Amino acid sequence: MRIRRAVPADAAEIWAIRTRAILHGCASHYPPGDLAAWAARATPATCADAIATRHVVVAVRDDGGLAGFAQLDPQEGTVEAVYVDPDRARRGIGRALLSALEDAAARLGLRGLVVEASLNAVPFYGALGYAHECRAQHSLGGGHHIACAVMSKRLGNAHRTAT
């Protein structure tokens, strides 16, 4: 597996991974209606827009397909997404993707990152050094909201490049 920047041709596969990860990976923490609303917020076109306007990285399997992706808003210092194909969960893919975002953020001069973690992802972010700040509600539109945890991490000097 290797990590690389996403390209426009990855958009449909990113969308498919996102949808599967939400519907299957988050079902233990959210009701079906919220999962459906959450999954419906993205399309291949919105994923392509994110590739053009955000820092998006993908995990590429040995066969060339994607195993997961992660997305950073470098203007806000916000981790917007870390999704792994449910069939490839618990293999270090999410950790590698998040590390790539943290490295990119440090290269951009960001001193820390914030994430609105879904409840099922709180242990993942906590294990990687993100501190729980508070509980919040993330709006999905159409009257749907999901509970989340706002978490943050200061980026250490180990991630910084020499100037």
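The preceding data block contains the structure.
Before going into details, it helps to say that this report is about the structure given with it.

Rules used in this analysis
- Residues numbered from 1 in each chain as written.
- Predicted model: local features only at pLDDT ≥ 70, side-chain atom pairs only at ≥ 80, totals over all residues.
- Heavy atoms only, no water.
- Helix = DSSP H or I, 4+ residues; strand = E, 2+ residues; numbered from the N terminus.
- Rg over C-alpha atoms; globule rule 2.2 N^0.38 Å.
- Buried < 20%, exposed > 50% of the residue type's maximum accessible area, 1.4 Å probe, protein only.
- Contact = heavy atoms within 4.5 Å.
- Pairing = 2+ DSSP bridges.
- Axes fitted to C-alpha atoms, helices over the stretch in contact; angles between N-to-C directions.
- Parallel < 35°, antiparallel > 145°, perpendicular 65-115°, else oblique.
- Left-handed = near helix turned anticlockwise from the far one by under 90°.
- Nonpolar A, V, L, I, M, F, W, Y, C, P; charged D, E, K, R; others polar.

**Observations concerning the overall build of the chain**
A count of helices and strands for the chain gives five helices and seven strands. Along the chain, helices and strands appear, N-terminal first, in the series β-α-α-α-β-β-β-α-β-α-β-β. Since a compact globule built from 163 residues should have a radius of gyration of about 15 Å, the 15 Å found for the chain is in line with a globular shape. The buried share among the 163 residues of the chain stands at 44%. Pairs at least 24 apart in sequence give 62% of the contacts found in the chain among residues at least 6 apart.

**Concerning helix H2 (residues 32-40)**
Three or more residues of H2 are buried, namely Asp34, Leu35, Ala37, Trp38 and Ala39. The inward-facing, buried residues of H2 contact helix H1 (11-25), strand S4 (78-84), strand S5 (112-118), strand S6 (131-141) and strand S7 (144-154).

**A closer look at the sheet that holds S4**
With mixed pairing, the seven strands of this open sheet are ordered in space as S1-S2-S3-S4-S5-S7-S6. Each edge of the open sheet is held by one strand with a lone partner, namely strand S1 (2-5) and S6. Here the average twist between neighbouring strands, direction ignored, is 30 degrees. Contacting strand S2 (55-60), strand S3 (66-73) and S4, H1 runs over the sheet at an angle of about 95 degrees to S3. Across the sheet, helix H4 (residues 93-107) is in contact with S1, S2, S3, S4, S5 and S7; its angle to S4 comes to roughly 155 degrees.

**Re the packing of H1 against helix H3 (residues 44-53)**
Across the interface, H1 lies against H3 with an axial gap of 8 Å and an inter-helix angle of 115 degrees. As summarised for this structure, H1 and H3 are arranged roughly perpendicular, according to the angle between their axes. Classified by chirality, the crossing of H3 by H1 is right-handed. For the pair H1 and H3, the contacting residues are Ala11, Ala12, Ile14 and Trp15 in the first and Pro44, Cys47, Ala48 and Ile51 in the second. Residue classes in the contact of H1 with H3 are distributed as eight nonpolar, no polar and no charged.

**Details of the pairing of S3**
In terms of burial, S3 is largely enclosed, as eight of its eight residues are buried. One ladder, built from six bridges, connects S2 with S3; its direction is antiparallel. Paired with His55 across the bridge in S3 is Leu72. Here S2 folds back onto S3 in antiparallel fashion, the turn holding five residues, of which Gly64 has a positive phi close to 95 degrees. Bridging between S3 and S4 involves six bridges; their strand directions are antiparallel.

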